[in-house]
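# Summary of structural features
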Amino acid sequence: MTLTLAIANQKGGVAKTTTVASLGAALADLGHRVLLVDLDPQACLTFSLGIDPEDLELSLHHVLTKGLPLADVIVSTEDGVDLAPATIELARAEADLLTRTGREHALSSALEDLTAPDGGDYDWVLLDCPPSLGILTVAALTAARGVLVPLQCETLSHRGVGQLLDTVHDVRRFTNRGLEVWGVLPTLYDGRTNHARRVLETISDTYDLEVVEPPIPKTIKFAEAPAAGRSILRTSRSSKGAKAYREVAEALVARSRRRRRPSKGGR
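Residues numbered from 1 in each chain as written. Predicted model: local features only at pLDDT ≥ 70, side-chain atom pairs only at ≥ 80, totals over all residues. Heavy atoms only, no water.

### Let's talk about the overall build of the chain
The condition that has to hold: The secondary structure listing takes helices from DSSP runs of H or I that are at least 4 residues long and strands from runs of E that are at least 2 residues long, numbered from the N terminus. Radius of gyration here is computed from C-alpha atoms only, and the compact-globule reference equals 2.2 Å multiplied by the residue count raised to the power 0.38. Burial here depends on accessible area, computed with a 1.4 Å probe over protein chains only, as a share of the maximum for the residue type. Under 20% is buried, over 50% is exposed, and the range in between is partly exposed. Residue contacts are defined here by distance: any two heavy atoms, one from each residue, within 4.5 Å place the two residues in contact. Per-residue and other accessible areas were derived by the Shrake-Rupley procedure at a 1.4 Å probe size, with only the shown protein chains allowed to occlude residues. In this count, Lys and Arg are taken as positive residues and Asp and Glu as negative ones, while His and the chain termini are left out. By convention, charge coordinates are those of NZ in Lys, CZ in Arg, CG in Asp, or CD in Glu.
Counting its regular elements, the chain contains eleven helices and seven strands. At 17 Å, the chain has a C-alpha radius of gyration in line with the 18 Å of a compact globule built from 267 residues. Reported as C-alpha extents along the three principal axes, the dimensions of the chain are approximately 50 × 40 × 35 Å. Counting the 267 residues in the chain, one finds 57% classified as buried. Relative to all contacts within the chain whose residues are 6 or more apart in sequence, the contacts with residues 24 or more apart total 79%. In the form shown here, the chain has an accessible surface area of approximately 11800 Å², with 48% of it arising from carbon and sulfur atoms. For the chain, the distance from the average position of its 31 positive side-chain charges to the average position of its 34 negative side-chain charges is 6 Å.

### Topic: the side chain of Gln-10
Convention followed: Counting of polar contacts relies on pairs of N or O atoms within 3.5 Å, with two restrictions inside protein: one atom must be capable of donating a hydrogen and the other of accepting it, and residues adjacent in sequence are counted only when both atoms are side-chain atoms.
Here Gln-10 lies in the loop between strand 1 (3–7) and helix 1 (16–29). Within the local environment of Gln-10, its side chain forms a polar contact with the side chain of Gln-163, the two groups lying 3.3 Å apart. Sequence-distant contacts of Gln-10, that is, excluding residues within four places in its chain, are made with Pro-131, Ser-132, Leu-133, Gly-160, Gln-163 and Leu-164.

### Let's talk about the pairing of strand 1
We apply this condition: Any two strands are treated as partners once DSSP identifies two or more bridges connecting them.
Across the five residues of strand 1, five count as buried, placing the element largely inside the fold. Going residue by residue along strand 1, you find Leu-3, Leu-5 and Ile-7 tucked away on one face and Thr-4 and Ala-6 tucked away on the opposite face as well. Pairing geometry for strand 1 and strand 5 (residues 124–128), over five bridges, is parallel. Within the sheet, the bridge partner assigned to Ala-6 lies in strand 5 and is Leu-127.

### Some thoughts on the environment of Glu-213
Of note, Glu-213 is situated in the loop between helix 8 (194–207) and helix 9 (221–224). Separated by 209 residues in the primary sequence, Glu-213 and Thr-4 place their C-alpha atoms 20 Å from one another.

### Considerations on the pairing of strand 5
Consecutive residues of a regular strand have side chains that alternate between opposite faces of the sheet. In terms of burial, strand 5 is a largely internal element, five of the five residues being buried. The side-chain alternation of strand 5 yields two buried faces, one formed by Trp-124, Leu-126 and Asp-128 and the other by Val-125 and Leu-127.

So this is what it looks like as structure tokens:
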């Protein structure tokens, strides 16, 4: 059964895209079939996996607004994962969807009958949400079984998480009762500073959420990977950042096996 996980935080710069790309590669290394979905009009995930959005004729925009089957836009990547890419056209999708009945279900409907290129099901679908709480993020939460919240280990990064949780609450009420918050993933963590350590220690108490471990360390290797069109698990396999994401992927797989049950609105 496919498990769809949204990676969401409306604050930019908290490593959402890095998390999607790195977890996708780590899950693929564990033998899972993985689809990544780029829901951000900036198309950073698409670009970071070696695909130039300007070269694409078809993208997620056509799926959400034109009814094109999702399988028609999926491309393979050198990281061993498949990708539903984004282009700047996706910026128009939000306005197009606003007047459409059932707009919150646009993505979940596209995912319903999706199969991998080999004819089997994907094990994981990871949704890279835009840095906003607009219709694209709501559509992602409606389609997901769970949501993982990357959170930079700085005090200011806490601002807005409460709003995201309010949105999750609304989605549970109206479009996806089975949506679960899988926890907070600390990112850009610098264990050498007292501030980062204090923030990490207070995350669980502040939000009453599980903290997914280990925290993802701050390293220049993450900035270097997109230039190569690959994730850090391909460009710097032995780095501390790659090691951390592999451990997080293993923890998510273990959790999914403990909670393997269908949910309304999620896969």
